[in-house]
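Residue strings, one per chain:
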Amino acid sequence: QVQLVESGGGLVQPGGSLRLSCTASGSIISINDMGWYRQAPGKQRELVARITSGGSPNYTDSVKGRFTISRDNGKNTMYLQMNSLKPEDTAVYYCNADVRTLSRFGPYWGQGTQVTVSS
């Protein structure tokens, strides 16, 4: 069993900052790529940022220069520092990780954390 737990969401004013965390736990042998996705009401889930096990990031264009993805492999934890937040960043943010266990290798998802950007 593998669990991904996100934290750090909340309500913030436009221009503000939030830091999301995602911690993986369970029968983990290794974690490859990890990523953050988001889903706004009435829209499809979209990629925000991904990071390789070696720490190489990539971002969707709309968050470049504002968001920073990072990870601590020793803690099986990934972060998303979000600065200069805009109302259009409002969404449920989901953590994703490609995890290897004894029985399988595949993607796992967290339960999501709400981010609301509003004055």
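For the structure, check the block above.
Being a predicted model, the structure only gives us computed values, none of them experimental.

Draft legend 1. Spatial organisation of the sheet that holds strand β7 (residues 67-72). Spatially, β1-β3-β8-β7 is the arrangement adopted by the four strands of the open sheet, whose pairing is antiparallel. Sheet topology places β1 (2-7) and β7 at the edges, where each strand pairs with a single neighbour. Between one strand axis and the next, the sheet turns by 15° as a mean value, whatever way the strands run. Note: β1 against strand β3 (residues 18-26), six bridges, orientation antiparallel. Note on β3: the bridge partner recorded for V5 is T23.

Draft legend 2. Examining the environment of Y79 more closely. On the secondary structure map, Y79 appears in strand β8 (residues 77-82). In this structure Y79 touches R19, L20, S21, W36, T68, I69, S70, R71 and D72, once residues within four positions along its chain are discounted.

Draft legend 3. Examining the packing of aromatic side chains more closely. Counted by the stated rule, this structure contains one aromatic pair. Here the basic side chain of R19 rests over the ring of Y79, its NZ or CZ set 4.1 Å away from the ring centre. Between R45 and the ring centre of W109, over which it is positioned, the NZ or CZ distance is 4.7 Å.

Draft legend 4. Representation of the state of the cysteines in the model. Tallying each qualifying case throughout the model produces one disulfide. Covalently, C22 is tied to C95 through a disulfide, its sulfur atoms 1.8 Å apart. Looking along the S-S bond of the C22-C95 disulfide, the torsion reads about -65°, which is the left-handed sense. In this pair, C22 is assigned in strand β3 and C95 in strand β9 (residues 91-100), connecting sequence segments 73 residues apart. Judged by its relative accessible area of 0%, C95 is buried.

Draft legend 5. Layout of unusual backbone geometry. Here N76, not a glycine, exhibits a phi torsion of approximately 50°, which is positive. Residue classification places N76 among the partly exposed residues on the basis of a relative accessible area of 25%. Located in the positive-phi region is S84, a residue other than glycine, with phi close to 50°. Along the chain, S84 turns up in the loop between β8 and β9. You can call S84 partly exposed: its relative accessible area is 42%.

Draft legend 6. A look at the nonpolar core. Counting 30 residues, the largest nonpolar core has W36, V48, F67, M78, L80, M82 and Y93 as its most contacted members. Contributions of two or more residues to this core are made by β1, β3, β4 (30-39), β5 (46-51), β7, β8, β9 and β11 (113-117). Among the elements that line this core, the one with the most residues is β9, at five residues. Setting aside its immediate chain neighbours within four residues, M78 contacts L20, S21, C22, M34, G35, W36, I51, I69, S70, R71, C95 and N96.

Here is what the cut-offs are and how they apply
- Residues numbered from 1 in each chain as written.
- Predicted model: local features only at pLDDT ≥ 70, side-chain atom pairs only at ≥ 80, totals over all residues.
- Heavy atoms only, no water.
- Pairing = 2+ DSSP bridges.
- Helix = DSSP H or I, 4+ residues; strand = E, 2+ residues; numbered from the N terminus.
- Axes fitted to C-alpha atoms, helices over the stretch in contact; angles between N-to-C directions.
- Contact = heavy atoms within 4.5 Å.
- Phe/Tyr/Trp six-rings, centres within 6.5 Å; stacked < 30°, edge-to-face > 60°.
- Lys NZ or Arg CZ within 6 Å of the ring centre and 35° of its normal.
- Disulfide = S-S within 2.5 Å.
- Buried < 20%, exposed > 50% of the residue type's maximum accessible area, 1.4 Å probe, protein only.
- Core = buried A, V, L, I, M, F, W, Y, C linked by side-chain atoms within 4.5 Å.

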